[in-house]
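Fold and geometry: a report
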Amino acid sequence: MNYGKHPGWIEVISGVMFSGKSEELIRRVRRGLIARRRVQVFKSHLDSRYAGLYSVTSHDGTEFDASPVDSAAEIFRLVRPDAEIVAIDEAQFLDADVLPVAAALAARGIRVILAGTDTDFRGEPFGSMGALMAVAEVVDKLQAICVVCGDPACRNQRLLDGKPARYDSPTIMIGGRESYEARCRHCHKVPRRDEDQRELLEGVEGRGSKV
Ligand code: ADP
Ligand code: ZN
């Protein structure tokens, strides 16, 4: 893909879990390799502990490992001077430095592709994903399928012991016994947030009736 005359831009692949972000990232990396571009792939270390590292294999058998990283600064240090494409998976787990790092790499002429979950289990913006989507030239927002009703899914449902996780449970659960489902807005359940919103709306309606 060529965005314009000048090399160097930012692409974001966003969406919920199971929406196919990794598949799309791998597809773009594979096509970059077919075009004989020099590619480097990174993945937040946080995720690799659970999902295992993946590697990307090109048509001609070249294999690329996704290097696990702990911070955005580490990506910046590890990018080789001749890199043409830098792909980063699970970008939601990276610190806020991912913004200046992505911008600096793009300014250097690198095509930067970031994939990440744009909302956390509460349905609120996750890490720097929202800001990355704002500064990117190209944004794709993928949908999964809601496992409850079959509609397009835009929310991550966290389940703890099979029950919807409460709003105040931590954003990232290390070693937790949680599981996730893709759900649509209407089937997504976050106890306490739902109650708070009901209270908030009742408050607004209450105030409205007095005017
Ligand atoms: P992501 O990186 O967004 O989590 P992946 O690329 O790892 O997604 O996985 C996408 C694949 O997950 C789909 O191609 C499909 O085979 C599978 N999948 C499992 N559950 C669902 C679901 N509820 N909706 C859509 N795809 C699903
Ligand atoms: Zn649904």
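In this report, we go over the structure that sits alongside the text. This one's a predicted model, so the numbers in the text were calculated from it and none came from an experiment. (Residues numbered from 1 in each chain as written. Chains lettered and ligands numbered in written order. Predicted model: local features only at pLDDT ≥ 70, side-chain atom pairs only at ≥ 80, totals over all residues. Heavy atoms only, no water.)

A few words now on the site of ligand 1. Around ligand 1 sit Val-16, Met-17, Phe-18, Ser-19, Gly-20, Lys-21, Ser-22, Glu-23, Ala-144, Ile-145, Val-147 and Ala-182, and that is every residue in its neighbourhood. Here Val-16 contributes a backbone N or O atom positioned 3.4 Å from an oxygen atom of ligand 1. Backbone polar atom of Ser-19 to an oxygen atom of ligand 1: 3.1 Å apart, as the coordinates give it. In the complex, 61% of the free accessible area of ligand 1, which totals 580 Å², lies under the protein chains. Among the secondary structure elements, those contributing two or more residues to the shell around ligand 1 are helix 1 (21–34) and strand 8 (144–145). Per element, the largest residue contribution to the shell around ligand 1 is 3 residues, and it comes from helix 1. (Near = heavy atom within 4 Å. Polar contact = N/O pair within 3.5 Å; in protein donor to acceptor, adjacent residues only side chain to side chain. Areas by Shrake-Rupley, 256 points an atom, 1.4 Å probe, with all protein chains shown as cover. Helix = DSSP H or I, 4+ residues; strand = E, 2+ residues; numbered from the N terminus.)

As a further point, take the pairing of strand 10 (residues 155–160). When you tally the buried positions in strand 10, you get 6 out of 6 residues, the bulk of the element. In strand 10, alternate side chains face the same way, and those of Arg-155, Gln-157 and Leu-159 on one face and Asn-156, Arg-158 and Leu-160 on the other are all buried. Inspection of the sheet shows strand 10 paired to strand 12 (residues 178–183) by 6 bridges, in the antiparallel sense. Looking at the pairing, Leu-160 lines up with Glu-178 of strand 12. The pairing of strand 10 with strand 11 (residues 163–164) spans 2 bridges and is classified as antiparallel. Along strand 11, the bridge assignment pairs Leu-159 with Pro-164. (Buried < 20%, exposed > 50% of the residue type's maximum accessible area, 1.4 Å probe, protein only. Pairing = 2+ DSSP bridges.)

What follows covers the nonpolar core. The biggest cluster of nonpolar side chains holds 23 residues, and the ones touching the most others in it are Ile-10, Val-79, Val-86, Ile-88, Val-112, Leu-114 and Leu-132. Within the residue set of this core, elements represented by two or more residues are strand 1 (9–15), helix 3 (72–78), strand 5 (85–89), helix 4 (98–107), strand 6 (111–117) and helix 5 (129–135). Broken down by element, the residue count for this core peaks at 5 residues, all from helix 4. Among all residues touching Val-112, those that are not within four sequence positions of it are Trp-9, Ile-10, Glu-11, Val-86, Ile-88, Ala-102, Leu-105 and Ala-106. With 11 residues, the next largest nonpolar core counts Leu-25, Val-41, Ile-85 and Ile-113 among its residues. (Core = buried A, V, L, I, M, F, W, Y, C linked by side-chain atoms within 4.5 Å. Contact = heavy atoms within 4.5 Å.)

What follows deals with helix 1. For helix 1, which comprises 14 residues, the first-to-last C-alpha distance of 20 Å matches the rise-based estimate of 20 Å (1.5 Å per residue) to within 8%. Regarding helix 1, the residues found buried are Lys-21, Glu-24, Leu-25, Ile-26, Arg-28, Val-29, Gly-32 and Leu-33. In the stretch just after helix 1, Arg-36 is the one whose phi turns positive, near 60 degrees. (Expected span 1.5 Å × (residues − 1).)

By the element assignment, Arg-28 lies in helix 1. The buried category is assigned to Arg-28, whose relative accessible area is 9%. Within the structure, Arg-28 has its side chain in polar contact with the side chain of Glu-11 (distance 2.9 Å). Not counting the four nearest positions on each side in its chain, Arg-28 is found in contact with Glu-11, Ile-13, Arg-111, Ile-113 and Asp-140.

This part is about a negative patch on the surface. Residues Glu-195, Glu-199, Glu-202 and Glu-205 make up a contiguous surface patch of negative charge. Assignment of secondary structure puts Glu-205 in helix 6 (residues 193–210). (Patch = residues over 30% accessible without salt bridge, like charges linked within 9 Å, V, L, I, M, F, W, Y side chains within 5 Å. Salt bridge = Lys/Arg side-chain N within 4 Å of Asp/Glu carboxyl O. Lys, Arg positive; Asp, Glu negative; His and termini not counted. Charge placed at Lys NZ, Arg CZ, Asp CG, Glu CD.)

Our next topic: the coordination of the zinc ion (ligand 2). Here the zinc ion (ligand 2) is held by Cys-146 (SG), Cys-149 (SG), Cys-184 (SG) and Cys-187 (SG), and the distances to it run 2.3 to 2.4 Å. One can describe the donor arrangement at the zinc ion (ligand 2) as tetrahedral, given that its 4 donor atoms subtend angles of 102 to 118 degrees at the metal. As a motif over one chain, the donors of the zinc ion (ligand 2) read C-x2-C-x34-C-x2-C. Of this pair, Cys-146 sits in the loop between strand 8 and strand 9 (152–153) while Cys-187 sits in the loop between strand 12 and helix 6, and the two are 41 residues apart along the sequence. The class of Cys-146 is buried, set by a relative accessible area of 3%. (Donors = N, O, S within 2.8 Å, 3.2 Å for Na, K, Ca; no water. Tetrahedral: all angles 85-135°; square planar, octahedral: opposite > 155°, others 65-115°.)

Let us now look at the environment of Arg-111. Locating Arg-111 in the fold gives a position in strand 6. With 24 residues separating them along the chain, Arg-111 and Ala-87 place their C-alpha atoms 8.3 Å apart. Engagement of the side chain of Arg-111 in a polar contact is seen with the side chain of Glu-11, the distance being 2.6 Å.

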